[in-house]
Amino acid sequence: ARDCSRGLLTLNEKYDIIDKQKEFHITSFEWVKIIDVAEIIASKFKNVKIIPSPCKDNIQKDTRNEADKYVLEFWKPEILLEDGIQDIIECLKR
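Residues numbered from 1 in each chain as written. Predicted model: local features only at pLDDT ≥ 70, side-chain atom pairs only at ≥ 80, totals over all residues. Heavy atoms only, no water.

### Notes on unusual backbone geometry
Then comes step 1: Of note in the backbone geometry, Phe29 takes a positive phi value of approximately 65 degrees without being a glycine.
Then comes step 2: Within the secondary structure layout, Phe29 lies in the loop between α1 (2-13) and α2 (34-43). (Helix = DSSP H or I, 4+ residues; strand = E, 2+ residues; numbered from the N terminus.)

### Considering the pattern of salt bridges
Then comes step 1: Taken as a whole, this structure holds 4 salt bridges when the rule is applied.
Then comes step 2: Taking the shortest distance from any N to any O, the salt bridge between Asp87 and Arg2 comes out at 2.2 Å. Taken as a pair, Asp87 in helix α3 (residues 81-93) and Arg2 in helix α1 lie far apart in primary sequence, 85 residues in all.
Then comes step 3: Looking at Asp87, the relative accessible area reads 31%, which means it is partly exposed.
Then comes step 4: What makes Arg2 exposed here is its relative accessible area of 54%.
Then comes step 5: Between Glu78 and Arg6 there is a salt bridge, with the nearest N and O atoms lying 3.6 Å from each other. Placement of Glu78 in the loop between α2 and α3 and of Arg6 in helix α1 is noted, with a sequence separation of 72 residues between them.
Then comes step 6: The exposure class assigned to Arg6 is partly exposed, which follows from its relative accessible area of 30%.
Then comes step 7: Residues participating in the shared-partner salt-bridge network are Asp3, Arg6 and Glu78. (Salt bridge = Lys/Arg side-chain N within 4 Å of Asp/Glu carboxyl O. Buried < 20%, exposed > 50% of the residue type's maximum accessible area, 1.4 Å probe, protein only.)

In structure tokens form, the structure reads like this:
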């Protein structure tokens, strides 16, 4: 959340000079499966069991759209996914 917010703020501050015809992707530019995110989250808590759905992706049909790296001219991710998840958990515990 902090990395994303910083990216959005940076783009807002650079609004006058960014190419509005480009796509802006606030991402780590690394593919991560939802099951992997779920496992990271589950590892932070006791007695959490991940039960994957047997259903397939009927909407996107496993399409992987590559993110445009243009945003990297203005912003770069700095926080690892696992660290970001931990930060959000700590924030919600307060």
